[in-house]
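The lines below spell out each chain.
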Amino acid sequence: MLNNEFEIRSMNLRLRRDLQRVDRFLADNGLRLDAVDEYFCLFRLEEEEILAGGGLADDVIKCVAVRSDLREEGLFNHLVSHLISVAYQKGHTTTKVFTKPANEAIFASLGYSLIGRSSQAVLMANSLSTLNRYKRYLSQEAAALPCSEGDAALIVMNANPFTRGHLYLVEQAAKQVGKLFVIVVKENRSLYDYRYRLAMVTEGCADLPNVRVLEGSEFQISAATFPTYFLKQLDDASDEQMLLDLDICVRHIMPALGVTVRFVGTEPTDPLTCRYNELMNKCLANAGYSLVEITRLETDCKPISASRVRAEADLTLLPPTSIPFIIGVEAANAMLAELSLTPKPGLIDQHDNGAHADMNFALMQHSIAALEPFMVEFAKLGFAPQLPAADRVIALGLEAEAAMLSVTRGINTHKGALFALGLTAVALAHQAYTKNLQTSCASAQALSALITNLADGIPRAEGTHGACVRTRYGVKGALDLAREGYPELFASWLPNYRLRRDEPFAKQLLLLNIIATLDDTNLLHRRGPELAAEVKRRAAQLLESPLSLEALTELNTWMLSENLSPGGCADMLALTLFIDRLTPQE
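Residues numbered from 1 in each chain as written. Predicted model: local features only at pLDDT ≥ 70, side-chain atom pairs only at ≥ 80, totals over all residues. Heavy atoms only, no water.

Enquirer: Could you give an account of the pairing of strand β5 (residues 96-99), with specific residues and numbers?
Expert: Alternating positions in β5 separate into two faces, K96 and F98 on one and V97 and T99 on the other, with burial throughout. In terms of strand pairing, strand β4 (residues 60-66) meets β5 through two bridges, oriented parallel. Bridging from a neighbouring strand, I61 pairs with V97 of β5. Note on the crossover from β4 through helix α2 (residues 75-89) to β5: the handedness is right-handed. As judged from the four bridges shared by β5 and strand β7 (residues 122-125), these two strands associate in the antiparallel manner. Residue pairing in the sheet places F98 in a bridge with L123 of β7. (Buried < 20%, exposed > 50% of the residue type's maximum accessible area, 1.4 Å probe, protein only. Helix = DSSP H or I, 4+ residues; strand = E, 2+ residues; numbered from the N terminus. Pairing = 2+ DSSP bridges. Right-handed = clockwise from strand over helix to strand, strands pointing away.)

Enquirer: Would you mind going over the pairing of strand β8 (residues 152-157) in detail, with residue names and values included?
Expert: When you tally the buried positions in β8, you get five out of six residues, the bulk of the element. Alignment of β8 against strand β11 (residues 261-265), held across two bridges, turns out to be parallel. Looking across to β11, one finds that A153 is bridged to V261.

Enquirer: Please provide a residue-by-residue account of unusual backbone geometry, values included.
Expert: Cis geometry is found at the peptide bond from N160 to P161, where omega equals 10°. Secondary-structure assignment places P161 in the loop between β8 and α5 (164-174). Omega for the bond connecting T342 with P343 falls within 30 degrees of zero, at -5°, which places this linkage in the cis form. Turning to its location among the elements, P343 is positioned in the loop between α10 (323-340) and α11 (361-382). One non-glycine residue with positive phi stands out, namely N563, at about 60°. Tracing the backbone shows N563 in the loop between α20 (549-561) and α21 (567-582).

Enquirer: Can you break down the state of the cysteines residue by residue, with the values?
Expert: Across all of its chains, the model carries zero disulfides by this definition. Here C205 stays free of any disulfide, with the sulfur of C147 as its closest cysteine sulfur at 17 Å. Residue class for C205 comes out buried when judged on its relative accessible area of 3%. (Disulfide = S-S within 2.5 Å.)

Enquirer: Quick one: what's the story with the sheet that holds strand β3 (residues 52-57), residue by residue and with numbers?
Expert: Reading across the sheet, the seven strands line up as β1-β2-β3-β4-β5-β7-β6 and stay open at both edges, with mixed pairing between neighbours. Each edge of the open sheet is held by one strand with a lone partner, namely β1 (6-11) and β6 (113-117). With direction set aside, neighbouring strand axes in the sheet form an average angle of 25°. Two elements, β1 and strand β2 (residues 38-44), share six bridges in a ladder whose sense is antiparallel. Directly across from R9, in β2, lies its bridge partner C41. (Axes fitted to C-alpha atoms, helices over the stretch in contact; angles between N-to-C directions.)

Enquirer: Quick one: what's the story with the sheet that holds strand β12 (residues 290-294), residue by residue and with numbers?
Expert: If you trace the five strands from one edge of the open sheet to the other, you get β10-β9-β8-β11-β12, paired in parallel fashion. Lying at the two open borders of the sheet, with one neighbouring strand each, are β10 (211-214) and β12. The sheet shows a mean angle of 25° between the axes of neighbouring strands, taken without regard to direction. Where β8 meets strand β9 (residues 179-184), six bridges bridge the pair, whose relative direction is parallel. Bridged to M157 within β9 is V184. Packing of α5 onto the sheet brings it into contact with β8, β9, β10, β11 and β12, and relative to β8 it is tilted by some 170°. (Contact = heavy atoms within 4.5 Å.)

Right, dumping it as structure tokens:
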């Protein structure tokens, strides 16, 4: 409650009525609704006309507007004060705002200070403590790597992931200056998490004595975080975002580091990056700094780029220090691909929970997120001249399992996938270390042999559901399959998937192939050999004719009615997708 006349209400933007009302109000005030976590509107008591409104996205205030005839009534101050209070309750001691330059004085009157500006946008914050703390960190790092004045330079990179092209840029720049700082963009809107990107760059540059890799901050403004709700023309958004980011760099970052030069790689293909380099050249020159472009490193007449790695998963484009990170993340991505595949008979997908009362899609996502860093650690274990001892693999596996059970509150969501993909991550990394991956014609056989070698050192578990099923029905368990090196995967599942990759329902066809040929211990444990055999028969039958959504739905309905979940097949699906991404097609 503001006083006896006004009140502020939270709007539910998931309701069409509230969303349309906010859209109309903002349009009347020359704005557009941007992505927000919450939106608040100010009303007169017992009336429904919106008088003012504003939203929050994390610690950023957005889409603030006041009805034109009420802008002298102090409503703006009340609304912004409310947004600051809400942000504080959520743990944000500082709030920021992107707005028009014309509004700079209004926000300044509320205690906001300028961080950066472009022709059509300003970024302000009601406290500069975070920015000042980051600048002190930069200055301390600069002082720790002394050189003569005017002989320091900067590279800012996303490194999503860190490639041989990035390393080449750093190496060439480092040859031209006394000290070189590399800032890794902190924003976590990339395929590879910031912690991995920072580690990849740090480890990749460790042998360069005059290079210091620095943490990023929230003050790198990307297209993903730059709001456009106040721009008249959306065509201006890219330039304004770039100019604002560059202004912050020359206003705060470069002075704190004491650098006078910024290095970038040439950009022959991406128009946005090319435009960014063009604007950077002008901005740096206007501020008394200089830009140096270094010709990009190429292979096969194509520049080495992070986008190529993301598209092709070609490990030959990476420095050795990046390889374990990419293998680990690809393992987690394979589990996510299996989870997200929809429809998926009997299994959790984006439509239903399969034959599970204790699991759902969100829980599986949390489980995969908990396992991802351990997949990276498995790959690091394998990235060595010798395969790791079994006890080291087992110890890491138990640690990963404990992390999984912690986030799932004791529910076994991915124990089978952890075992299969963890072993394979070790084997793939070792194969990459010995230069076989991507170059050896026998990479599939070599990988299978490495998995066998690793699995032979792992003792059998006793007393588990899988062990009981293996003893009772005489079928192979997860360890047996690994000790054999997954022969069915390399002989049938993977080559058949690659042949049919472009067909509709390609991944479902792969899953059905696995179901039709694998003795799934989960099915046998749940419902016994007769129903397990019937699942295999029905899957094989679907493989004999063109697959349809109706056929998949029918199989799913029957499996749910019989409480049948082919969990072991899901693990093998994830494993096949993982190996497909990281081995060449022969």
